[in-house]
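# Tertiary structure, described
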Amino acid sequence: MEQSDLFTEALLQEILDIEEIHERDLLWITKKIYSYYAQGEYIGEVTWSNRLKTSGANIRYQPKFDLAMIHVNKAYVDKFGRQELIEILKHELTHYYLYKLGKMKHGHGEIFRKTLEHVFNSHCMMAKFNEDMYQYTYGCKQCGSIYKSTRRIQRPIYCGKCAKKNGGKIREDFRMVLKERWEER
């Protein structure tokens, strides 16, 4: 647990007693978190998603209807546990909270970070790294930087760190190569 509080600990104990979390349970957990931390009502749906691969969840907010839809990566929660589910929901509810206030369109800037920490008592900026999802690893021969991808990249990619050190100019020796080719050289 990144930052412990009594509410989160009590909620975790409640959801550990649930044998299998269904979508109605997801909605109940989400509403309970939002009600406690934001003193408001979450209006929307929460569903499991089998389509998400590299993130714990995402949120879509429709301001016209004041309605949100959170999709949670089921495989991710199965792998990392129910404590991670709570943190993921706090993260997505921070987006919802800021959408409702009209303070944010997207992203994880300073307003988001402060709201996540001060309102939702969390530091869950990114979901835990799920190594299983990344099939391709690219490396920079110059500095050793690594970039992981779920898909094979067909176009040339270059190391941002090396280019930044070079005043933003890209050189051919900053080109990143697929790990198996990188190790051959």
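It should be noted that the structure appears before, not after, this text.
Residues numbered from 1 in each chain as written. Predicted model: local features only at pLDDT ≥ 70, side-chain atom pairs only at ≥ 80, totals over all residues. Heavy atoms only, no water.

## Structural notes on unusual backbone geometry
Selection criterion: Strands are runs of DSSP state E lasting at least 2 residues, helices are runs of H or I lasting at least 4, and numbering of each runs from the N terminus.
Positive phi outside glycine occurs at Gln39, with the angle close to 50 degrees. When you line up the elements, Gln39 lands in the loop between helix 2 (23-38) and strand 1 (44-49). Of note, Asn121 is a non-glycine position whose phi angle comes to about 50 degrees, a positive value. Residue position: Asn121 is located in the loop between helix 5 (110-118) and strand 4 (136-140).

## Side note on the sheet that holds strand 5 (residues 146-149)
Note the threshold: At least two bridges found by DSSP between two strands are what make those strands a pair. For helices, the fitted axis covers only the stretch in contact; all axes are lines through C-alpha atoms, and the angles between them, taken along N-to-C directions, range from 0 to 180 degrees.
Pairing within the open sheet is antiparallel, and its three strands lie in the order 5-4-6. Two strands bound the open sheet, and with one partner strand each, they are strand 5 and strand 6 (176-178). Averaged over all adjacent pairs, the angle separating strand axes in this sheet is 30 degrees, with direction ignored. Both strand 4 and strand 5 contribute to a ladder of four bridges, which runs antiparallel.

## So, the sheet that holds strand 1
Stated formally: Residue contacts are defined here by distance: any two heavy atoms, one from each residue, within 4.5 Å place the two residues in contact.
Taking strand neighbours across the sheet as the criterion, the three strands line up as 1-3-2 in an open arrangement whose pairing is mixed. Among the strands making up the open sheet, the edge pair consists of strand 1 and strand 2 (57-62). In this sheet, adjacent strand axes meet at a mean angle of 15 degrees when their direction is disregarded. Strand direction decides the pairing type here: strand 1 and strand 3 (residues 67-73), joined by six bridges, are parallel. Note that in strand 3 the partner of Gly44 across the bridge is Ala68. Of the strands in this sheet, strand 1 and strand 3 touch helix 2, which is tilted by about 130 degrees from strand 1. Along the sheet, helix 4 (residues 82-101) contacts strand 1, strand 2 and strand 3; its crossing angle with strand 2, the most-contacted strand, is approximately 20 degrees.

## Details of the packing of helix 2 against helix 4
Put simply, the test is: Reported orientations rely on four angle classes, namely roughly parallel under 35 degrees, roughly antiparallel over 145, roughly perpendicular from 65 to 115, and oblique for the rest. For any pair of crossing helices, the crossing counts as left-handed if the nearer helix is rotated counterclockwise from the farther one by less than a right angle, and right-handed if it is rotated clockwise. Residue polarity follows a fixed list, in which Ala, Val, Leu, Ile, Met, Phe, Trp, Tyr, Cys and Pro are nonpolar, Asp, Glu, Lys and Arg are charged, and the others, Gly among them, are polar.
Their axes nearest at 10 Å, the elements helix 2 and helix 4 cross at an angle of 60 degrees. Between helix 2 and helix 4, the angle falls in the class oblique. Judged by the twist between their axes, the crossing of helix 2 over helix 4 is right-handed. The segment helix 2 lies against helix 4, with Leu26, Ile29, Thr30, Ile33, Tyr34, Tyr37 and Ala38 engaging Leu85, Ile86, Leu89, Lys90, Leu93, Tyr96, Tyr97 and Lys100. Among the residues making up the contact of helix 2 with helix 4, the classes are represented as twelve nonpolar, one polar and two charged.

## A few points about the pattern of salt bridges
Inclusion rule: By convention in these notes, a salt bridge is any Lys or Arg side-chain nitrogen within 4 Å of a carboxyl oxygen on Asp or Glu. Only protein chains enter the area calculation, which uses a 1.4 Å probe; residues under 20% of their type maximum are buried, those over 50% are exposed, and those in between are partly exposed.
One pass over the structure, following the stated rule, counts eight salt bridges. The partner of Lys74 in a salt bridge is Asp78, and the shortest N-O contact between them spans 3.8 Å. Here the residue Lys74 and the residue Asp78 both occupy positions in helix 3 (residues 74-80), the gap between them amounting to four residues, near one helical turn. Judged by its relative accessible area of 24%, Lys74 falls in the partly exposed class. Taking the relative accessible area as the measure of exposure, Asp78 reaches 56% and is therefore exposed. A salt bridge links Glu172 to Arg175, with the nearest nitrogen and oxygen atoms 3.1 Å apart. Taking the relative accessible area as the measure of exposure, Arg175 reaches 34% and is therefore partly exposed. Through salt bridges with shared partners, a single ionic network connects Asp5, Glu87 and Lys90.

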